[in-house]
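Now for the letters of each chain:
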Amino acid sequence: MDWESILSNTASWLISPETIAYALAALGLAVHFGYGGLLNFGMAGFMALGAYGYAISILTFGLPWWAGILVGMLASVVFAFILGIPTLRLRADYLAIVTIAAAEIVRLLFTTQVFDSVTNSADGLGNYHAGFRAANPFPEGTYGFGPWTYNANGWWVRVFGIGLLIIAALLVFLLMRSPWGRVLKGIREDEDAVRALGKNVFAYKMQALIVGGLFGALGGVVFALPSAVVPSVYVTSLTFFIWTILLLGGAATVFGPILGAVIFWVIMGFLSNVLPAMASSGLLPFMSTTQAATLRFILVGAALMLIVIFRPQGILGNKKELTFVKQ
Amino acid sequence: MSSNSSAQSPVKSTGLHIGDAAPGVAKVDPIIIADNVTRTFGGLKAVDVDHLEVPRGAITALIGPNGAGKTTLFNLLTGFDKPDTGTWTFDGKRLNGVPAFRVARMGQVRTFQLTKALGLLTVLENMKLGAQKQTGENMFSSLIKPLWTKQESEIEERAMEILARFKLDTKKDDFAASLSGGQRKLLEMARALMSSPKLVMLDEPMAGVNPALTQSLLDHILNLKQEGMSVLFVEHDMHMVRHIADWVIVMAEGRVVAEGDPHTVMEDPAVIDAYLGSHQDVDLGVVTGRISGEKTAEAEELLAEIDAEVGLTDSAAYSADPEKNEDTK
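It should be emphasised that the depicted structure is a prediction, and the values quoted were computed from it without experimental measurement.

Concerning the overall build of chain A
Next, step 1: Each helix and strand in chain A was counted, giving 15 helices and 2 strands.
Next, step 2: Expected size for 327 residues packed as a compact globule is a radius of gyration near 20 Å; at 20 Å, chain A falls within 12% of this value.
Next, step 3: For chain A, the spread of C-alpha atoms along the principal axes amounts to about 60 × 50 × 40 Å.
Next, step 4: When each of the 327 residues of chain A is scored for burial, the buried share is 52%.
Next, step 5: The contacts of chain A with a sequence gap of at least 6 include a subset with a gap of at least 24, amounting to 73%.
Next, step 6: Summed over all atoms, the accessible surface of chain A reaches about 14,000 Å², with 71% contributed by carbon and sulfur.
Next, step 7: Across chain A, the centroid of the 17 positively charged side chains sits 12 Å from that of the 13 negatively charged ones.

Put into structure tokens, the structure is as follows:
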């Protein structure tokens, strides 16, 4: 086995656009679930709206790239309102059902032939990079060292994504140390008690849904920046990968989702390199290299179960939270 | 603070009503006036109150058997449930159709029968949540700390003051989930006080509280009155009602069946019938034969009554013989 290339490929995942995109979406989910107790199973829908909002604005309407990002964010706000108005007054489990269905509706709307002229249906969208790349402050060339050697465009996407992630993390930190965050955490524990203390619970839940949804949409944008927008990416399993990341890192933490995304993608990258290599060198009998590459998803599923059973508060979560069983 | 009130019997407020004490009697200075409030669950009329006034500056007890509609009435008055019909005012302002959080903002706060301490918030955070009109609770101003630090430290100071009164100040950094059941009741009451309410509504404040804490809870409720707040509470503990309530409202099957000062009300035959049971002096153990003892005339009378009722419903399954009754159950 070629350990050098395996480790190098693994290390490159540390700051890949995918990692940054997932970290942003997981941070949004932390606002929803970790702090607000909102069971959002439709993060893929928010991400799809961000990505398609960006791509369609540029390709169909000829808007500049930054306006495309704003359109993606606006779309996620509208989506949050559509989801929230009927369901946030109900119990948390209803939101879960509605969000999972709504995200699928969003994906199917982007896939259907009806809007083919705009969405290019199942083939997805590409070639919208000109504006973003023109704004690249890095001069042409290849930079970096070791596994982190990219060309100017590669660095621009990463630096831009990390910048967004830092701003998002800072916002979450500022919000959650404030009395606003206290109300949100109170709602997570028992919304009737908070209502009895004179807080407009519905408004707070809606604000949290919008803020988290915005981070999800930005995640979708970062995901779309280097490559293309393909509807088959925004399936329910994407939502569950985000949930895995969130629970791995710690649901009610600022850095947990980021750490979780890095660990998730480094492990996924490692397994996708090492498992086929093991299969081809005969270490995994009964398995072809393609089968071995898919084995990582089984391992991720098993890891998710182990986390939830043995460390429900995640890597960075507060140990004390584990001491008390919630009713 | 009157820590000695436990030893003496509290000063009762009197002269609260106008005219004879009857269901729906007018009060000298009412804080809540409710008219024609009804709420049905399917075919069951849970609350059916024609007219009710709650006096200001006094401790009012709402008593009644299980299922009398006390908690439902509480939920209606606080906006947690919507009535089928009815209007009511709080402090002169119409309150029907007003959502629960606005009701609380007007100065009418409630606690819950099943304590709602916010488990994974610390005791101090629980307290701070109770304060009203916080700048930092607006999403946009929350981002800029200098806008709310001053108010936050004032709130913290007030919170510590109240916590000290409730002897919870040493627990300020503990998660509320780590408190005992009685301490959570205290915390919930303390949290409600953070909003400086005009009317405090306590739903079974004594349920599940150990006797050692009962006295301190009683003192806290009496203190609320001394500080000028009105209190309305639901309670099953008759000794407590007699001890601290200035006024008692009795509900049964959704209706107000009696009102008055505690001593008069508890001698009212309608109340005894509805709530205390007409044979409150009879030891049921003696009646059923579980405990050996002399059957008094009253016990014999009760036994005869039971026989008559049982005979009407199912004479085959029951007999007057207590041992056989045990077997059939």
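Re the interface of chain A and chain B
Next, step 1: Chain A puts 32 residues into the contact, and the matching count from chain B is 35 residues.
Next, step 2: Together, the buried faces of chain A and chain B total about 3,000 Å²; carbon and sulfur atoms form 67% of this surface.
Next, step 3: Taken together, chain A and chain B are joined by 3 salt bridges.
Next, step 4: If you look at where chain A meets chain B, you find 11 residue pairs in polar contact (both at pLDDT 80 or more).
Next, step 5: Among the secondary structure elements, those contributing two or more residues to the side of chain A that touches chain B are helix H8 (152-177), helix H9 (179-189), helix H10 (191-196), helix H11 (201-224) and helix H15 (319-323) of chain A.
Next, step 6: By residue number, the principal contributor to the side of chain A that touches chain B is H9 of chain A, which donates 8 residues.
Next, step 7: Residues that form the side of chain A that touches chain B fall into these classes: 13 nonpolar, 7 polar and 12 charged.

Thoughts on helix H5 (residues 92-111) of chain A
All names here are of chain A.
Next, step 1: Over its 20 residues, H5 runs 29 Å from end to end, which matches the ideal 28 Å to within 8%, given 1.5 Å per residue.
Next, step 2: Along H5, the positions that sit buried rather than exposed are Leu95, Ala96, Thr99, Ala102, Ala103, Val106, Arg107 and Phe110. Seen from one end, H5 has its buried residues packed into an arc of 140 degrees, which puts them on one side.

A closer look at the layout of surface pockets
Next, step 1: Taken as a whole, the second largest pocket holds about 610 Å³ of empty space.
Next, step 2: If you trace the second largest pocket, you find 26 residues lining it, with Arg195 of chain A together with Gly79, Phe80, Asp81 and Ala100 of chain B closest to the centre.
Next, step 3: Looking at the lining of the second largest pocket, its residues break down into 14 nonpolar, 5 polar and 7 charged.

Focus: the sheet that holds strand E5 (residues 93-94) of chain B
Residues and elements named next belong to chain B.
Next, step 1: Here 4 strands make up an open sheet; going across it, the order is E2-E1-E4-E5 and the pairing antiparallel. Only two strands of the sheet have a single neighbouring strand rather than two, namely strand E2 (44-55) and E5.
Next, step 2: As defined by bridge partners, strand E4 (residues 85-90) adjoins E5 across 2 bridges and the pair is classed as antiparallel. Note on E5: the bridge partner recorded for Phe90 is Lys93.

Quick look at empty space enclosed by the protein
All names here are of chain B.
Next, step 1: Using the criterion set out here, one finds 2 cavities of 30 Å³ or more in the structure.
Next, step 2: Computed from the structure, the largest cavity encloses a volume of approximately 50 Å³.
Next, step 3: At 3 residues, helix H5 (residues 181-193) tops the list of elements feeding residues into the lining of the largest cavity.
Next, step 4: The residue makeup of the lining of the largest cavity, split by class, is 5 nonpolar, 1 polar and 4 charged.
Next, step 5: In this structure, the second largest cavity spans a volume of roughly 40 Å³.

Thoughts on the sheet that holds strand E8 (residues 230-234) of chain B
All names here are of chain B.
Next, step 1: On the basis of which strands lie adjacent, the open sheet formed by 6 strands has the order E6-E7-E8-E3-E9-E10 and mixed pairing. For this open sheet the edge positions go to strand E6 (108-110) and strand E10 (255-260), each flanked by a neighbour on one side alone. The average angle at which neighbouring strand axes cross in this sheet is 20 degrees, direction not considered.
Next, step 2: Direction of pairing for E6 relative to strand E7 (residues 199-203): parallel, over a ladder of 3 bridges. Residue pairing across strands places Arg110 opposite Met201, the latter belonging to E7.

Concerning the nonpolar core
Next, step 1: Counting residues in each nonpolar core, the largest one holds 93 residues, and the members touching the most others are Tyr22, Tyr54 and Val229 of chain A.
Next, step 2: No other element matches the 14 residues that H11 of chain A contributes to this core.
Next, step 3: Of all hydrophobic cores here, the second largest spans 46 residues; its members include Met127, Ala190, Leu217 and Leu222 of chain B.

Conventions adopted
- Residues numbered from 1 in each chain as written.
- Chains lettered and ligands numbered in written order.
- Predicted model: local features only at pLDDT ≥ 70, side-chain atom pairs only at ≥ 80, totals over all residues.
- Heavy atoms only, no water.
- Helix = DSSP H or I, 4+ residues; strand = E, 2+ residues; numbered from the N terminus.
- Rg over C-alpha atoms; globule rule 2.2 N^0.38 Å.
- Buried < 20%, exposed > 50% of the residue type's maximum accessible area, 1.4 Å probe, protein only.
- Contact = heavy atoms within 4.5 Å.
- Areas by Shrake-Rupley, 256 points an atom, 1.4 Å probe, with all protein chains shown as cover.
- Lys, Arg positive; Asp, Glu negative; His and termini not counted.
- Charge placed at Lys NZ, Arg CZ, Asp CG, Glu CD.
- Buried area = accessible area lost by both parts, 1.4 Å probe.
- Salt bridge = Lys/Arg side-chain N within 4 Å of Asp/Glu carboxyl O.
- Polar contact = N/O pair within 3.5 Å; in protein donor to acceptor, adjacent residues only side chain to side chain.
- Nonpolar A, V, L, I, M, F, W, Y, C, P; charged D, E, K, R; others polar.
- Expected span 1.5 Å × (residues − 1).
- Arc of directions from axis to C-beta.
- 1 Å grid on protein atoms, 1.4 Å probe; cavity = no way out; pocket = protein on both sides within 12 Å on 5 of 7 lines; lining within 4 Å.
- Points joined across faces, edges and corners; volume = space filled by probe spheres on them.
- Pairing = 2+ DSSP bridges.
- Axes fitted to C-alpha atoms, helices over the stretch in contact; angles between N-to-C directions.
- Core = buried A, V, L, I, M, F, W, Y, C linked by side-chain atoms within 4.5 Å.

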